[in-house]
4 protein chains.
Amino acid sequence: MTKKLWGGRFRKQTDELMESFGTSLPFDWRLYRADIRAGIAHARVLKEGGYLTARERDRIVAALREIEAEIASGKVNSTSGYEDIHSLVLDRLAAKAPELAAKLHAGRSRNDLVVLDTRLYLKEELAEIATLIRGLQGALVGKGEEYLDLVIPGYTHLQPAQPVLAAHHLLAYVEMLARDRGRLAEAGKRMDLLPAGSAALAGSGLKLDQKLLAELLGFGGVAPNSVDNVADRDFVVEVLSGLAICGMHLSRLASELVLWSTAEFRFVELDEGFCTGSSFLPQKKNPDPAELVRGKSGRLYGNLQAVLTVLHGLPLAYNRDLQEDKEPLFDSIDTVKDSLAIMAGVVSTLEFNRTAVARALDRGFLFAPDLAEHLVEQGVPFAEAHRAVGKLAAWAVEGEKEPGEITLAELKKFSPAFRPEARQLLDPAASVRAKKTIGSTNPGMVKRNLAKWKKKLEL
Amino acid sequence: MTKKLWGGRFRKQTDELMESFGTSLPFDWRLYRADIRAGIAHARVLKEGGYLTARERDRIVAALREIEAEIASGKVNSTSGYEDIHSLVLDRLAAKAPELAAKLHAGRSRNDLVVLDTRLYLKEELAEIATLIRGLQGALVGKGEEYLDLVIPGYTHLQPAQPVLAAHHLLAYVEMLARDRGRLAEAGKRMDLLPAGSAALAGSGLKLDQKLLAELLGFGGVAPNSVDNVADRDFVVEVLSGLAICGMHLSRLASELVLWSTAEFRFVELDEGFCTGSSFLPQKKNPDPAELVRGKSGRLYGNLQAVLTVLHGLPLAYNRDLQEDKEPLFDSIDTVKDSLAIMAGVVSTLEFNRTAVARALDRGFLFAPDLAEHLVEQGVPFAEAHRAVGKLAAWAVEGEKEPGEITLAELKKFSPAFRPEARQLLDPAASVRAKKTIGSTNPGMVKRNLAKWKKKLEL
Amino acid sequence: MTKKLWGGRFRKQTDELMESFGTSLPFDWRLYRADIRAGIAHARVLKEGGYLTARERDRIVAALREIEAEIASGKVNSTSGYEDIHSLVLDRLAAKAPELAAKLHAGRSRNDLVVLDTRLYLKEELAEIATLIRGLQGALVGKGEEYLDLVIPGYTHLQPAQPVLAAHHLLAYVEMLARDRGRLAEAGKRMDLLPAGSAALAGSGLKLDQKLLAELLGFGGVAPNSVDNVADRDFVVEVLSGLAICGMHLSRLASELVLWSTAEFRFVELDEGFCTGSSFLPQKKNPDPAELVRGKSGRLYGNLQAVLTVLHGLPLAYNRDLQEDKEPLFDSIDTVKDSLAIMAGVVSTLEFNRTAVARALDRGFLFAPDLAEHLVEQGVPFAEAHRAVGKLAAWAVEGEKEPGEITLAELKKFSPAFRPEARQLLDPAASVRAKKTIGSTNPGMVKRNLAKWKKKLEL
Amino acid sequence: MTKKLWGGRFRKQTDELMESFGTSLPFDWRLYRADIRAGIAHARVLKEGGYLTARERDRIVAALREIEAEIASGKVNSTSGYEDIHSLVLDRLAAKAPELAAKLHAGRSRNDLVVLDTRLYLKEELAEIATLIRGLQGALVGKGEEYLDLVIPGYTHLQPAQPVLAAHHLLAYVEMLARDRGRLAEAGKRMDLLPAGSAALAGSGLKLDQKLLAELLGFGGVAPNSVDNVADRDFVVEVLSGLAICGMHLSRLASELVLWSTAEFRFVELDEGFCTGSSFLPQKKNPDPAELVRGKSGRLYGNLQAVLTVLHGLPLAYNRDLQEDKEPLFDSIDTVKDSLAIMAGVVSTLEFNRTAVARALDRGFLFAPDLAEHLVEQGVPFAEAHRAVGKLAAWAVEGEKEPGEITLAELKKFSPAFRPEARQLLDPAASVRAKKTIGSTNPGMVKRNLAKWKKKLEL
């Protein structure tokens, strides 16, 4: 039988199946530090309101700290048969000081407490995720710097399209991750309001100094509507959405690492420490971390959908359905943290294979856009230039012409406007140098971007 | 360091983070009985192929049974540091009989083994779910019989529309659940093919009697394509889809129980054993199991989306992404099983409140369709009948006329075609009796349906 | 045969099926104003770079404006057989001035152009949505003011829990919508960077003044990475997520309106202009707009999952899969705009039914928390107060005691600490007045919140 | 103003916004043939019941056929301002024969009619999809036959793993598609019950011969519960799920075609008729149809989630939310049909590049499993064999040894148990021949599978 915070009007025992079905302790157990921190701050506020003496408050604080240590040490754990973490903490308090436990829950309800705990928990987790994002950004920037001169084929439709600097390609992920960080930071800011004082849904009639409470718990303000506070979970959905998008970005990076590790591409060699072998195919070195990261976007999307569904059409205010917000949230947080850490490891230890990359640059005919723009600079209308270079490209690809071998005379067969310097464009390094636009793969710009990021990331 | 089934070409230790990131033991642990059953059957087949002596086979079988007992007793558990359940079982076998463990994995790979284990596991779970569905169907049928004469308002747009028998309404769920059962049974049948013998992806060159293996493990046949066998997981998705639809049905039943338990409807009184109280609002008796069941459709939808995403665009054959199929599958199975059991308890213990239902039948004007059809029987075109009765209904609702009070003269003001017996239709019991179509709420039909289901469900 | 912007190396006609399968004109047609605006600005920038004369630029601008008018008037439309809107615009330009059309596409690619167009389009749509959100917020605030003194039962678990002001309940939605607005505004800000200049993926070698272009098109800056610019669509996903959350909020409001319109609740009467009738049940007045809005959260969730799936594991940079971002985006935008507008209409025209609400306040026993806090103020530990009031509530509910009838002597049977003023708490209006916390339903606070919102919304 | 089937009690005009928000004609318009077919059959049944004379019935039938022709010809269309297709058809009938239109809607409601229409529509669409699936299966089988001797690398973790026949790989998709077909056929069968006679939700009191109606409309039986009939949409979800799984399979095939078309793999050359070029990169030949098909699984997943969400927690019976089932359903049907057709075209016109495939077979060391099984046949325990071959593989890969060059002496360095015939295994064709298991890539088995499928598909 789980121990509960209620029961007054009840005469019958809860059905056993219902007990195990309803308990959230196996997962909300991880809110214990938040719950205890909230309890300590609440005790201080009750004392200010005159509901506890200073001595009572101090005894509660001391007892709660003991309980925290007991849970941290595993003495009390998630299988200890309580309905939820709030009941566990209160009951442990009651075991130590029954008359004080009886006083602590004044002016609050589990409806507002669980939101408070979750926000406290998220504050910490979002900070950790931000650090891990920076870690992966750092690994990408570091790898970009390490291969500063390396030009790789850029792809569209997975067909070689144009030469780009490897660093430029890696920086694309740095930008994506920066947006992820921004999104999660804004989610954190939007939820940075104390929900306590809402009690069950209507607010409390006790004298509770919520501004003090907000200050003690590090909130930027007090949330303005008690019904909204206990009813909505958009802060959970917003985090889940931010994590899903981040996981989507990671899945794309992962997918490229899998691709680049194939025997056919061989652009990168992943470190053995991040690969696994096969129980049946002894020759294999498999890019498992990348595959797992790619696969894990599935659960991130699913978790988002799960909580959105829970909230669909749900009348206000608190409904027990809302308990279903926590497992998806915790799972997405764990998943993204692990994925970020593992990808930082994978990226920072990989090595580019310059030979394979060089071979790939010879495939396709990556200089068409450069030649077309060369013609435009000579005054050829773009559409015409595009057409001419298209034919040239078809000719070169079919004839398996090495770009370096193509003569000016050959170029001129496709457009008389070609000038001698056009031939110099037929080289990956020249191609990237020819770019002029902001955001382009021009080496000077890429270097400045790397420097900017090193500074931002304090590398 | 987790113990692995591979390593031949590797010289470097696996990164620690990678180890914890990649291990599936914490969840695939629950496949242990399937894995051991598969191992025992495989040993028999290896013996038939000449790869094991009878004695070796017997020793393997005995050792595997010991391991099963060790795991069942908790001596070996999910935190024991293996990469997955297959490694755990093989390594435990190696501890008991190293030279035999070395022989058991011949002709198979984890790629086909994990599919085999999962299908064996699903066979059992799908059978259990079918039983639980029957349990809930039984509870619904039983409750329908208990209140055989009870007429309740049927709703469309959540507005009272027409009287229906409570039993008829409950039988709607019995039909939904029957389709759920059918869907899962067909999924089970579609996957009832032995994937073993596919090895990594191309098949094995050993002499493995797969037909014997299929027979030993209870499969209906041998799956025809080894690449498909290790690459696809549509059998997982199909089960997840069937469970999501079942959960959707449960969420609708749950939603109605929440609604019917409101102070405003009060159609049902849920048993206290399936309700909970409030930590702040002592007067509350909350329909938590129904709310939780309704909320849990979220995770069922999410799990489906998760695995669909994992499979999106995944090249053949096995990829490590596929490891992400298991947690969603296990979670959906647990969720549906618990939800079915709890709903059976809730339904079988609830009581209808006849007074409240009777009061509700007076609201709105539920006899309009009956009156309209009465007019049609008198030869009035339906559209005209509909119009006349519409005006009558508006008049009755506005004047707050009790249906029983309405006189024939009043009826005739709206259509001269009304005959005296029309007045008798102004009664819920008469309304349901007036229905004639197959599938209608006509009491005779409903009784026959109840009887049909009692027989089918062997109640 | 659709007309295309490419073809140089191709010798074979595109398969007819492929043409219809691949065309995006039927939906990207709605980007035409953005595409033309982008073209006009690009012409200006090409002139600055020396690729067009002033006269050529002016002719292009004039021709593009003509094309815009032709499309706006329906002369050229979505079925006109082009591959996409970019091809349509360029080809129409070519029809008017072939030599200029040939020059306009210099320095850009459809890969960056489609992102540019989509962002321009989103800027306008997000502004419109912000206005529509304010419209619904205004309707909620207005309705709150109209029924400033109305107390309704607040629900938890859909059981009556505590009295709250109707205005307080409505303001909960105002807060949710404010967060929705904030989220979408931040999404808008995050994407407020010019992607042009990225060309296919590597940038352009032409002299394009991107800062001027950004200024002309109203962007806050130039996006820093060309690969990222053409490859990522997180700005689409972020908007879809914001819209899904907004739709979720609307589905909750809709759900409550359906509930409140039931014959059993009858808290509100929806305006006939926003209801529909039945083809078979003439007495019905159905809350269809609310049902549709509730249902439409389905497509909002689905659209979000659709684009997340498209992006899962997609290698950089541009892939044709990305074309699949637009229909979900457009559909979610239309859906949310319509839903907001309709809900504003529904809310502003509904009427509360004071009689029904008053009756509902008598159900349950909504004063337990107030009584418990009264006891806490008398020094009774909360847990004890909670227990005492729980028993009192059970006694009152069972005996069907009207709260107003309960005597002090009766109260004292449950706790001797009750004081005479406790009896005054047994009244909804007193209950809300008794609240003291920030964010509570206290009438003074609610009035201040209404005033704050009126000012913010400039009502 | 849309024309409606209701209105009796209404005194106020519907709000204009509500009209456009609520109309389903723009999409349910495509049910017109089903609606008319249902109307014709209903007229016959009304005649049998005595509600229509034979002449009236014949006039209705004739008029409905005229209306069908008018719609088919475009004279009446989806923008004609009706609330839905049922209203359009009835109103057109009323224009032709007002007194008959007034009689036709007797005994039915839009609640059951829309389910009837949708099922009739689905019957046809599911048949078409089955044909299209067979078409793609045929293309795969045909391509397999065309390249019967071609061995390609089979991949796990996208690393070359073992040689497999191209035909075997293609047959994996044939199996997946066969399951898709099976799933959709079962969905079709499960919904093959006539919902008519349910009317609004309770059934009808008229004499309607539903068995005759079922026969006329080709249903296998009459659905047993009227409330279920109008309330549930699991038949829609089940089809959407089957289509999502099918689309997932297509996305995998598409993904492989994109991969195989890369310059690095070059396993296949897609036909130009199914590729597109670039507006900026003239050398490109892009596998757009495959990319689009891969991307379109997004909307298939999204549509499934959309309708699951709509149904989440929805009370019985009909609610207007259910109107939201149709657009996702229609969209998924169109998407899968187009995707199947386009993939059949792509597959049947592609060519394998034998040179590139041969080169790929040299990468990695694909014979390890064969060598390990060779050792097992010599009595070496599998784990030992695996270890030995793992080292051999590492040695071969590092030394860039061509498999053909490896001598017996070299083999014996890794295990003395190697016999001379082991060297013959170092060849892709020998490797596939060495397989013995059912379902393996053994050429004899593959040939038998191709033959089996040709027969099944009647090729």
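Being a predicted model, the structure only gives us computed values, none of them experimental.

Calculation notes
Residues numbered from 1 in each chain as written. Chains lettered and ligands numbered in written order. Predicted model: local features only at pLDDT ≥ 70, side-chain atom pairs only at ≥ 80, totals over all residues. Heavy atoms only, no water. Helix = DSSP H or I, 4+ residues; strand = E, 2+ residues; numbered from the N terminus. Rg over C-alpha atoms; globule rule 2.2 N^0.38 Å. Buried < 20%, exposed > 50% of the residue type's maximum accessible area, 1.4 Å probe, protein only. Lys, Arg positive; Asp, Glu negative; His and termini not counted. Charge placed at Lys NZ, Arg CZ, Asp CG, Glu CD. Polar contact = N/O pair within 3.5 Å; in protein donor to acceptor, adjacent residues only side chain to side chain. Contact = heavy atoms within 4.5 Å. Salt bridge = Lys/Arg side-chain N within 4 Å of Asp/Glu carboxyl O. Nonpolar A, V, L, I, M, F, W, Y, C, P; charged D, E, K, R; others polar. Domains from an automatic or database assignment. Buried area = accessible area lost by both parts, 1.4 Å probe. Least-squares fit on C-alpha atoms with pLDDT ≥ 70 in both. Phe/Tyr/Trp six-rings, centres within 6.5 Å; stacked < 30°, edge-to-face > 60°. Lys NZ or Arg CZ within 6 Å of the ring centre and 35° of its normal. Core = buried A, V, L, I, M, F, W, Y, C linked by side-chain atoms within 4.5 Å. Expected span 1.5 Å × (residues − 1). Arc of directions from axis to C-beta.

Undergrad: I would appreciate a short explanation of the overall build of chain A in the present structure.
TA: Of the regular secondary structure elements, chain A holds 19 helices and six strands. Its C-alpha atoms give chain A a radius of gyration of 30 Å, more than 25% over the compact-globule value 23 Å for 459 residues. Its C-alpha atoms give chain A principal-axis dimensions of about 95 × 55 × 40 Å. The proportion of buried residues among the 459 residues of chain A is 69%. Distance between charge centres in chain A, computed from 61 positive and 61 negative side chains, equals 3 Å.

Undergrad: How should I be thinking about the side chain of C:His105 in this particular structure?
TA: Residue and element names in this part refer to chain C. In this fold, His-105 is placed in the loop between helix H6 (98-104) and helix H7 (110-146). We classify His-105 as buried; its relative accessible area is 4%. Side-chain polar atoms of His-105 contact the side chain of Arg-108, separated by 3.2 Å.

Undergrad: What's the story with the interface of chain B and chain D in this structure? I'm lost.
TA: Where the parts come together, the accessible area they lose is often given as the size of the interface. Opposite the 104 residues of chain B that make contact, chain D presents 104 residues. Between chain B and chain D we count 16 salt bridges in total. Where B:Arg183 meets D:Asp234, a salt bridge forms, and the shortest distance between an N and an O atom there is 3.1 Å. If you look at where chain B meets chain D, you find 71 residue pairs in polar contact (both at pLDDT 80 or more). For the side of chain B that touches chain D, the class distribution of residues is 44 nonpolar, 35 polar and 25 charged.

Undergrad: What is the right way to read the domain arrangement of chain A from this model?
TA: Residue and element names in this part refer to chain A. What the domain assignment lists for chain A is domain 1 (7-106), domain 2 (111-207 + 224-358) and domain 3 (360-456). Look at where the C-alpha atoms of domain 2 and domain 3 centre, and you get two points 36 Å apart. Listed per partner, the contact involves 28 residues of domain 2 and 24 residues of domain 3. Both sides of the domain 2 and domain 3 interface together cover about 2,000 Å² of buried area, and 69% of this is carbon and sulfur. On inspection of domain 2 and its partner domain 3, the count reaches two salt bridges. Between domain 2 and domain 3 we count 11 residue pairs in polar contact (both at pLDDT 80 or more) in total. Secondary-structure elements contributing two or more residues to the side of domain 2 that touches domain 3 are helix H7 (110-146), strand E1 (151-156), strand E2 (159-165), helix H8 (166-190) and helix H14 (354-361). Examining the composition of the side of domain 2 that touches domain 3, we find that seven residues originate from one element, H8, more than from any other. By residue class, the composition of the side of domain 2 that touches domain 3 is 19 nonpolar, four polar and five charged.

Undergrad: Can you walk me through the relation of the copies chain B and chain D in this structure?
TA: Superposing the two chain copies requires a rotation about an axis and a translation along that axis. For the match of chain B to chain D, the screw axis carries a shift of 0.0 Å, the RMSD comes to 0.0 Å, and the turn is 180°. Seen this way, the second copy is the image of the first under a two-fold rotation axis. Within chain B, B:Ser241 has its C-alpha nearest the rotation axis, a separation of 3.3 Å. Mapped onto chain D, 100% of the interface residues of chain B again fall at the interface, so both copies present the same surface.

Undergrad: When you look at the packing of aromatic side chains in this model, what are you seeing that I'm missing?
TA: Describing an aromatic ring pair means giving the distance of the ring centres and the angle of the ring planes. By the definition in use, this model includes 42 aromatic pairs over all chains. Summarising the aromatic geometry, the rings of C:Trp260 and C:Phe352 are spaced 6.0 Å apart at their centres and angled 50° between planes, so their arrangement reads as tilted. Highlighted residues: C:Trp260 in helix H11 (residues 234-260) and C:Phe352 in strand E6 (residues 351-352), separated in sequence by 92 residues. Accessibility classification places C:Trp260 together with C:Phe352 in one group, the buried group. Residues C:Phe365 and C:Phe367 carry aromatic rings whose centres are separated by 6.1 Å and whose planes lie at 85° to one another, so their mutual orientation is edge-to-face. A relative accessible area of 1% means that C:Phe365 is categorised as buried. Three or more aromatic residues joined by ring pairs form one cluster here, namely A:Tyr147, A:Tyr155, A:Trp260, A:Phe265, A:Phe267, A:Phe352, D:Tyr147, D:Tyr155, D:Trp260, D:Phe265, D:Phe267 and D:Phe352. Here the guanidinium or amino end of A:Lys456 rests over the ring plane of A:Trp453, the centre of that ring lying 4.6 Å away. A cation sits over an aromatic face here: B:Lys296 above A:Phe21, 5.4 Å from the ring centre.

Undergrad: Is there a simple way to explain the nonpolar core in this structure?
TA: Among soluble globular proteins, nonpolar side chains are generally buried collectively. Core analysis: the largest hydrophobic core is formed by 653 residues, its most contacted members being A:Leu371, B:Leu371, C:Leu371 and D:Leu371. Contacts of D:Leu371, omitting those with residues within four sequence positions, involve D:Phe365, D:Val389, D:Leu392, D:Leu411, D:Phe418, D:Ala422, D:Leu425 and D:Leu426.

Undergrad: Explanation requested: the interface of chain C and chain A in the structure shown.
TA: Each side of the interface is counted separately: chain C has 104 residues, and chain A has 104 residues. In total, about 8,900 Å² of surface goes out of reach between chain C and chain A, with carbon and sulfur atoms giving 57% of it. At the boundary of chain C with chain A, the tally comes to 16 salt bridges. In this structure, C:Arg179 and A:Asp232 form a salt bridge, with 2.7 Å as the shortest nitrogen-oxygen distance. Counting across the chain C and chain A interface gives 69 residue pairs in polar contact (both at pLDDT 80 or more).

Undergrad: When you look at the relation of the copies chain C and chain A in this model, what are you seeing that I'm missing?
TA: Each copy superposes on the other: chain C lies on chain A with an RMSD of 0.1 Å after a rotation of 180° and an axial shift of 0.0 Å. The residues that chain C uses at the interface reappear at the interface of chain A in 100% of cases, marking a shared surface.

Undergrad: Got a minute to help me understand helix H4 (residues 54-72) of chain A in this structure?
TA: Because each turn of an α-helix spans 3.6 residues, side chains separated by three or four positions end up pointing in the same direction. Residue and element names in this part refer to chain A. When the terminal C-alpha atoms of H4 are compared, their 27 Å separation across 19 residues agrees well with the 27 Å that a helix rising 1.5 Å per residue should span. Among all positions of H4, only Glu-56, Arg-57, Ile-60, Val-61, Ala-63, Leu-64, Ile-67, Glu-70 and Ile-71 are buried. On the buried face of H4, the contacting elements are helix H3 (32-49), helix H5 (85-96) and helix H6 (98-104).

Undergrad: How should helix H19 (residues 443-456) of chain A be read in this particular structure?
TA: All names here are of chain A. Here H19 contains 14 residues, and its C-alpha end-to-end distance of 20 Å stays within 8% of the 20 Å for a straight helix at 1.5 Å per residue. Residues of H19 that are buried: Met-445, Val-446, Asn-449, Leu-450 and Trp-453. Buried residues along H19 cover an arc of 140° about the axis, so they all sit on one side. The exposed residues of H19 that point more than 90 degrees off its buried face are Arg-448 and Lys-455. On its buried side, H19 packs onto H7, E2 and H8. With a side-chain oxygen positioned 2.8 Å from the backbone nitrogen of Gly-444, the residue opening H19 is Asn-442. Backbone geometry just after H19 places Glu-458 at a positive phi near 55°.

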